[in-house]
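Spelled out from the first residue to the last, the chains are:
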Amino acid sequence: ARPDALPRDMAGLRVVVSAGGTREALDPVRYLGNRSSGKQGYALARTAAQRGAQVTLVAAATVGLPEPAGVELVRVGTALELRDAMHVVSPGADVVVMAAAVADFRPVSQAEYKIKKTDRDPDPVALTRNPDVLAELVGVRSPGQVIVGFAAETGDGGADVLEHARAKLKRKGCDLLVVNAVGEGKAFETEDNAGWLLSSDGSERPIALGSKAHMASDIWDAVVTLTHN
Ligand code: CTP
Ligand code: CA
């Protein structure tokens, strides 16, 4: 949609959006990363600004996306940096959206110098858990703050995508969970998204296949309803 075609219904709201994939350093030149493009988080930030919100975008690695107009941009690399930035910018915000793909694990230690190849196989990489930023933000939320999580799920033998997502919504304690099915060319690195919007009040609705800007609008529509309560 053209910016002037969008409602200005987010005027007066301060929103924080995280986007992109964190990179966990192994040594000065290598990292563990993920396939997040950052496109959905950037679309959320851009759309919220077009609808009148004051937006802070905390951006981990993306596929070189242009800076959205009218948005305060904070760049981060690792999950720990993203966590620190979110704890600085989130207090007092009306809405926090965790669209970033945060690495669940990081190497226990980072080599100070580039790891050199030898004539032996390398030691296995020891990993440790990263903090769950979304769960932390829920734990320290300001009164009335709306918190939105994302879930990229693949179905498996035991439970389908929606069942995993319902359990995740409960576990995380956020108000809304945006659910994408991933794998087989879905969601990651693509232009279009589809999924479900699960609410902590138990309501569930599908989000039709469309552009990431379209999905962003659907998500903000649901958020705006909650901020009016
Ligand atoms: N998230 C986070 N901090 C982490 C991992 C995830 O804040 N260390 C956030 C993501 O930004 C997303 C939500 O939690 O909004 C769900 O992420 P996801 O990876 O789907 O959930 P996990 O709890 O990590 O569970 P799993 O990867 O095992 O499915
Ligand atoms: Ca995860």
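Keep in mind that what you see is a predicted model, and the values were worked out from it rather than measured.

Definitions and cut-offs
- Residues numbered from 1 in each chain as written.
- Chains lettered and ligands numbered in written order.
- Predicted model: local features only at pLDDT ≥ 70, side-chain atom pairs only at ≥ 80, totals over all residues.
- Heavy atoms only, no water.
- pLDDT = per-residue confidence, 0-100.
- Near = heavy atom within 4 Å.
- Polar contact = N/O pair within 3.5 Å; in protein donor to acceptor, adjacent residues only side chain to side chain.
- Areas by Shrake-Rupley, 256 points an atom, 1.4 Å probe, with all protein chains shown as cover.
- Helix = DSSP H or I, 4+ residues; strand = E, 2+ residues; numbered from the N terminus.
- UniProt positions renumbered as here; feature names shortened; annotations may be inferred.
- Contact = heavy atoms within 4.5 Å.

**Observations regarding the confidence of the model for the chain**
Link 1 in the chain: Taken over all residues, the pLDDT of the chain has a mean of 92, while the share at 70 or more is 93%.
Link 2 in the chain: Scored as a whole, the predicted complex attains pTM 0.94, and scored at its interfaces, ipTM 0.99.

**Quick notes on the site of ligand 1**
Link 1 in the chain: What surrounds ligand 1 is a group of 15 residues, the closest being M98, A100, L134, K168 and K172.
Link 2 in the chain: The contact in question runs from an oxygen atom of ligand 1 to an N or O atom on the backbone of F150, over 2.9 Å.
Link 3 in the chain: Note that an oxygen atom of ligand 1 is positioned 2.8 Å from one of the side-chain N or O atoms of K172.
Link 4 in the chain: Bound to the protein, ligand 1 loses 77% of the 570 Å² it would expose on its own.
Link 5 in the chain: If you list the elements that add at least two residues to the shell around ligand 1, you get α3 (133–139), β9 (146–153) and α4 (161–172).
Link 6 in the chain: Per-element tally for the shell around ligand 1: the top contributor is β9, with four residues.

**Details of the UniProt feature "binding site: CTP" (unreviewed entry) in the chain**
Link 1 in the chain: Here the UniProt-annotated "binding site: CTP" (unreviewed entry) positions come out as D104, K114, P131, D132, V133, L134, F150, K168 and K172. The largest pairwise C-alpha distance within this set of annotated residues, which runs over 69 residues, is 37.9 Å, so the set is dispersed in three dimensions.
Link 2 in the chain: Residue placement: L134 occurs in helix α3.
Link 3 in the chain: Contacts of L134, omitting those with residues within four sequence positions, involve M98, I147, V148, G149, K172 and C174.
Link 4 in the chain: Following the sequence through the fold, F150 ends up in strand β9.
Link 5 in the chain: Leaving out residues up to four positions away in the same chain, F150 has contacts with Q40, L44, V97, M98, A99, L177, V178, N180 and I219.

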